[in-house]
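# Coordinates in review
Here is how the chains run, residue by residue.
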Amino acid sequence: MTHRGYAGFQTCVGRCKLGLMSQTNAKLSRIFQQMADVLEVLGANRFKVIAFQKAARVLGELTDDVAGMDSKELRSIEGIGKGMADRIEEFAETGGLPEAIELFDKVPPGVVKMLDIPGLGPKTVSILWRDAGLEDMAQLTAALDTGELEELPGFGKKKIENIKKNLAFAEQAGKRAKIGEAMPLALWFVEQLKQLKQVKQIQYAGSLRRGKETIGDLDLLVAANEKDAGAIMDAFVGLEVVADVIARGETKSSIRTNEDSGGKSGVISGGGGMQVDLRVVPTASYGAALMYFTGSKEHNVRLRERAVSMGMKLNEWGLIKTDSEKVVAGKTEEEVFKALKLAWVPPELREDRGEVALAESSHKAGDAIAGPPLIEVSDIKAELHTHTTASDGMWSIEELALAAAERGFHTVAITDHSKGQVQANGLSDERLEKHIVAIRKVAEKLKGKIIVLAGSEVDILADGRLDYPDSLLKELDVVVASPHAALSQEPAKCTTRFLKAIESPYVTIMGHPTGRLIGRREGLSPDMGALFKAAAERGIAMEINANHWRLDLRDTHAKAAIAAGVKLAINTDAHRLANLDHLQYGVLTARRAGATKKNVVNCMTKAALAKWLKSTRT
DNA sequence: GCCGTTTTCGGCCCGACTGTTTTCAGTCG
């Protein structure tokens, strides 16, 4: 769900000058999304609304800057036609879009904001605004108690009660849980429902299965006999963490969890107030339903269009011949894809970013899976970014190294903070020298068990200098250069800053380059294309930081990095034991970027890794 | 508004659940 309330951007549309290029995509993406919202309330042609939504999504995911493109290039982008291309060009040239301002003037921002209330769609909001004259949430709240709304068409007591109840959740609209919060909660639900004897198959689906960095709600799919569906639904809505039953049907139910569902069940912290949908289907439909429930919506639409063009229809029950109603496939995802003349698409790629075309060519080539096999957690053999008690970690060098060895890694690098990170107890030059000696000692002791490398997570200072002198850096095996301060620099400035850091002959990996914290800090917007080009030339790696707060590089950046020939590093940035489990989120992000193990330095053999590290010292 | 192995016009995915309805519209995913 998109967070609405466009007042801030309204001013931006009129006032923002052609700022820094890399922000154009983001700005236009938001403007198009807001235009879609307003058009929806105004009752515009729904395909027009969809076109604006699609343009917003496409621009949001694009790493190339639209400000530098001509009309022809723009129109070659899927979802951008003449109309959108003209708007983009106008915005890039003038820094504004008068059409958007004009449109926003037609509907009060408070009305658009009402779309955030669960259960309220454009039609209902339009009635509240046009027929009842309500212009914002406060007026709506007041009107709910007077009884006047019952006069409106389609408004009954229950609907008004539901609006009252859901009003509180409008604030949460657009708030998404981090994947590291959603995953344990999903696994808890799966574990609970698995215990029911009626449940034959169960799997979490939705954006969690696609490995997205944030999750809006949890989707669970169960295969069972039709007659058992009711009992499964009863068990589901009766679970201890359920605060509210939103819907309870024979094949589909939705609940909201307690605010403290994490704490109470020992599940997680931070996953409270999440919506969880459960769908129960017969085994014969499980594959089709899993596809339907995994999404993305855009990916599904594309598959359904393909089915129609082949004289079939695709829904959660199966792939069905239109004329005879004969079910062609449905039991497994593989058979449904195959019947569509497609190779099976890994869930992480199902975002309508060209994966259907890929699946088609793979199928033609006789492959069962679309594209090359994506990287898996078990491919990771080295951890190159960790912290110990020397700075702000919880482990000693030896504890950390042994834990890494236990996970089957052949190499671990100890990379504590540099001196600029005072609050993280960063190491002074002198302390680093001693620390290197301590690391070498442990390395010697653990010889044969695991290779322990001496490294540092060196701050990239605001001007691009590194936080240690070269004389010290050259003593290290691994240098992860990361930004920790000056995280609101202008794009051009931080691009120059990072390019300078990449030039250092001692840097091996650039760590979490935007410095974002998901849902908390926007972070930097450097010109990623320029960084990738420089990193590729130097042969150094760009990090996907696997911590679920960061996931930085994000999926789209990592995809562009691979396309630019840059090596990726997937590191946990572990400060404590549990952090090593975050590796899965980094791998999911890499999979969403289409990464294979060949793209990732952590998958190298001992010898290859050593050789690569040496090669970066040029 | 976008798009094109019938195309520059006429399509544009599909079903469950709810609430207000006497057969369906709205919302959601």
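The shown structure was predicted, so the numbers you read here are calculated from the model rather than taken from an experiment.

The next point concerns the pairing of strand E9 (residues 318-321). Examined bridge by bridge, strand E8 (residues 312-315) and E9 share four bridges and lie antiparallel to one another. By the bridge assignment for E9, Lys313 is matched with Ile320. Connecting E8 to the antiparallel partner E9 that follows it, the hairpin turn spans two residues. Bridge analysis of E9 against strand E10 (residues 327-329) gives two bridges, and the strand direction is antiparallel. Each bridged residue has a counterpart across the sheet, and for Ile320 the counterpart in E10 is Val327. Counting the residues between successive antiparallel strands, the hairpin from E9 to E10 contains five residues, one of them, Glu325, with a positive phi of roughly 65°.

Let us now look at the side chain of Arg279. Tracing the sequence through the fold places Arg279 in strand E7 (residues 275-281). Not counting chain neighbours up to four residues away, the residues in contact with Arg279 comprise Leu220, Leu221, Val222, Thr251, Lys252, Tyr292, Phe293, Glu316 and Trp317.

For the structure shown, the criterion picks out 38 salt bridges. Among the ionic pairs, Glu444 bridges to Lys447, the shortest N-O distance being 3.9 Å. A salt bridge links Glu537 to Lys533; its shortest N-O distance comes to 3.9 Å. Here Glu537 pairs with Lys533, and both are found in helix H23 (residues 528-538), just four residues apart, close to one helical turn. Residue Glu537 shares its accessibility class with Lys533, and that shared class is exposed. One salt-bridge network, in which partners are shared between bridges, spans Lys54, Arg57, Glu61, Glu78, Arg210, Glu298, Arg302, Glu351, Asp352, Arg353, Asp555 and Arg592.

Axis separation between helix H11 (residues 179-194) and helix H25 (residues 583-592) bottoms out at 10 Å; the angle between their running directions is 110°. Judged on the interaxial angle alone, H25 and H11 are roughly perpendicular. Where H11 abuts H25, its residues Ile179, Gly180, Met183 and Pro184 lie against Gln584, Tyr585 and Leu588. Taken together, the residues that form the contact of H11 with H25 break down as five nonpolar, two polar and no charged.

Turning to the protein's contact with DNA strand B, a few remarks are in order. Taken together, 46 residues surround DNA strand B, and among them Gly79, Gly121, Thr124, Gly156 and Arg304 come closest. If you look at DNA strand B and keep only atoms within 4 Å of the protein, 79% of those are sugar or phosphate atoms. Between Arg87 and DNA strand B, the recorded distance is 3.2 Å, taken from a side-chain N or O atom to a phosphate oxygen. Here a phosphate oxygen of DNA strand B and a side-chain polar atom of Asp217 are 3.3 Å apart.

Moving on, we come to helix H5 (residues 82-94). Between its first and last C-alpha atoms H5 spans 18 Å; for 13 residues at 1.5 Å apiece the expected length is 18 Å, and the two agree. Taken as a whole, H5 has its buried residues at Met84, Ala85, Arg87, Ile88, Phe91 and Ala92. Taken down its axis, H5 places every buried residue within 160° of arc, on the same side. Set apart from the buried face of H5 by more than 90 degrees, the exposed residues are Lys82 and Glu93. Along its buried surface, H5 packs onto helix H2 (24-41), helix H3 (46-61), helix H4 (71-75) and helix H6 (98-104). Backbone geometry just after H5 places Gly95 at a positive phi near 80°.

Side chains of nonpolar character tend, in soluble globular proteins, to be buried together. One finds Ile375, Ile380, Val452, Leu553, Leu568 and Ile570 to be the most contacted residues of the largest nonpolar core, which totals 65 residues. What Ile570 contacts, discounting residues up to four positions off in sequence, is Ile375, Ile380, Ile544, Ala546, Leu583, Gly586, Val587, Ala590, Val600 and Asn602. Membership of the second largest hydrophobic core comes to 49 residues, among which are Ala56, Met84, Ala85 and Val125.

Turning next to the packing of H2 against H3. One can describe the packing of H2 onto H3 by two numbers: an axis separation of 8 Å at closest approach and a directional angle of 160°. As summarised for this structure, H2 and H3 are arranged roughly antiparallel, according to the angle between their axes. Seen along the crossing, H2 lies across H3 with a hand that is left-handed. Across the interface between the two elements, Asn25, Leu28, Ser29, Phe32, Gln33, Met35, Ala36, Leu39 and Glu40 of H2 pack against Lys48, Val49, Phe52, Gln53, Ala55, Ala56, Leu59 and Gly60 of H3. The residue makeup of the contact of H2 with H3, split by class, is ten nonpolar, five polar and two charged.

Here is what the cut-offs are and how they apply
- Residues numbered from 1 in each chain as written.
- Chains lettered and ligands numbered in written order.
- Predicted model: local features only at pLDDT ≥ 70, side-chain atom pairs only at ≥ 80, totals over all residues.
- Heavy atoms only, no water.
- Pairing = 2+ DSSP bridges.
- Helix = DSSP H or I, 4+ residues; strand = E, 2+ residues; numbered from the N terminus.
- Contact = heavy atoms within 4.5 Å.
- Salt bridge = Lys/Arg side-chain N within 4 Å of Asp/Glu carboxyl O.
- Buried < 20%, exposed > 50% of the residue type's maximum accessible area, 1.4 Å probe, protein only.
- Axes fitted to C-alpha atoms, helices over the stretch in contact; angles between N-to-C directions.
- Parallel < 35°, antiparallel > 145°, perpendicular 65-115°, else oblique.
- Nonpolar A, V, L, I, M, F, W, Y, C, P; charged D, E, K, R; others polar.
- Near = heavy atom within 4 Å.
- Polar contact = N/O pair within 3.5 Å; in protein donor to acceptor, adjacent residues only side chain to side chain.
- Expected span 1.5 Å × (residues − 1).
- Arc of directions from axis to C-beta.
- Core = buried A, V, L, I, M, F, W, Y, C linked by side-chain atoms within 4.5 Å.
- Left-handed = near helix turned anticlockwise from the far one by under 90°.

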